[in-house]
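Spelled out from the first residue to the last, the chains are:
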Amino acid sequence: MSHTGLVLTGGGARSAYQVGAIRALAEVAGPGPLPFDVIAGISAGAINGVVLACGAENFLRAADGLRTTWSRLTPDRVYRTGALNLAGIGTRWVRDLSAGGLIGKSGINYLLDPAPLHGLLEKALAIGRMRRHLRSGRLHGVAVSATNYHTGAGVTFFEGAAEIEPWIRSSRVGVRARLTLDHVMASAAIPVFFPPVRLERTFYGDGCVRMIYPMSPAIHMGAERIVAISIRHLRAPEDTARQEVVEKTDVLPLSEIAGVLLNAVFLDSLDSDLERLTRMNKTIALIPRERLGKSDVGLRHIPALVLRPSADLGKLAADEYHRFPTMLRYLLKGIGATGHAGEDLLSYLAFEPIYLQRVMDLGYQDTIARRAEIEDFFKGNGARRRETGNGRVAG
């Protein structure tokens, strides 16, 4: 049986783009169950992936439910925004940093408390339904990835068919587990912003930190073709060169540094993995078919289709600063995030209805615009495509 994988990477509020793209994919696929039986999610993509897995019996309904949930999000439904809570966290940071360890162990390692998100997901995720779909064979495997803060390894927790075997690589491992809300929260715990999540006897954080090959979990679970949804807008090389000349500054706020670091965590790995998969597919095409069938080769051609934004999601958040809660706005201003300054940082935290709807709409429009290509891919006719300038690849 051929297995089709869906790969969803992370990006905080930017992951609303996936929601719009998923709604368009459901429309293209038409009525019926989820056309993906292997789902691999990382960070906020883990949330979206598990939601779809829970509703795998009806793709369109699951996609609509996901869109409805994201449409209703506000910052206070993701993290605590009360002045007392934020001030308390800030005070603990000042105390720990200024005391230099004199008062004992540090008790703070995060800036925002995601307790509201935990409560929201507790109601929204019917993981028991996902498990029934796995038992029935409607789903072959579901995985969420997190970063082990003690070992520095990328850990993929997966649940699925008995024939899926755990894997070990130099900096990443696959572990069979009974997936829970804690696994999902760990995968989405953006470093420093959200607290690490304890799983068994160690702490985990956002999976994008160490998952340099985000398509690999889907491949390990048996996916023979992959649809991946990126949140990175590919700039033309000439645009990058132009910015290098034009954008000069005498001041570098902390928000700009934080934005670049978050971009490095969330934006680059899927494209690097895509380049790697493309090279492997080209190499495999040179191997005689009869040789590929032998067990000692261990390689297979894997078509992949990557959907990505046609616009920079960071720049779409430039006007979001004034919509943030007052106390959070005050703290963000302290590190220089006031709009165009720090727009990348703001875009990861902007769980504001206007921004989320803007990003979901873009995801829907971009994906529907590629309807013919998507239909071609699902029919299997896209298997011999080659990568183009906008990052599309199917082999």
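First, a word on scope: everything that follows refers to the structure included in this document.

Rules used in this analysis
Residues numbered from 1 in each chain as written. Predicted model: local features only at pLDDT ≥ 70, side-chain atom pairs only at ≥ 80, totals over all residues. Heavy atoms only, no water. Buried < 20%, exposed > 50% of the residue type's maximum accessible area, 1.4 Å probe, protein only. Helix = DSSP H or I, 4+ residues; strand = E, 2+ residues; numbered from the N terminus. Pairing = 2+ DSSP bridges. 1 Å grid on protein atoms, 1.4 Å probe; cavity = no way out; pocket = protein on both sides within 12 Å on 5 of 7 lines; lining within 4 Å. Points joined across faces, edges and corners; volume = space filled by probe spheres on them. Nonpolar A, V, L, I, M, F, W, Y, C, P; charged D, E, K, R; others polar. Salt bridge = Lys/Arg side-chain N within 4 Å of Asp/Glu carboxyl O.

So, on to the pairing of strand β8 (residues 202-206). Here β8 lies mainly inside the structure; 4 of its 5 residues are buried. With 3 bridges joining them, strand β3 (residues 141-148) and β8 adopt antiparallel strand pairing. By the bridge assignment for β8, A146 is matched with D206. Relative to β8, strand β7 (residues 197-199) runs antiparallel, the two sharing 3 bridges. Looking across to β8, one finds that V197 is bridged to Y204. Hairpin connection, β7 to β8: the antiparallel pair is bridged by 2 residues, and E200 has positive phi, about 60 degrees.

Let's shift gears to the layout of surface pockets. Unfilled space is identified by rolling a water-sized probe across the atoms. Roughly 540 Å³ of volume is contained in the second largest pocket. If you go around the second largest pocket, you meet 23 residues; those closest to its centre are L111, V192, F193, L254 and I335. For the lining of the second largest pocket, the secondary-structure elements that each account for two or more residues are α4 (83-99), α10 (254-266), α13 (326-334) and α14 (343-349). By residue number, the principal contributor to the lining of the second largest pocket is α10, which donates 6 residues. Along the lines of polarity and charge, the residues of the lining of the second largest pocket split into 21 nonpolar, 2 polar and no charged.

This brings us to the pattern of salt bridges. A full pass over the atoms with the stated rule returns 19 salt bridges. For E343, the salt bridge identified is with K315, shortest N-O distance 3.2 Å. Here the residue E343 occupies a position in helix α14, and K315 occupies one in the loop between β10 (304-307) and α13, the gap between them amounting to 28 residues. Residue E343 is classed as buried on the basis of its relative accessible area, which comes to 11%.

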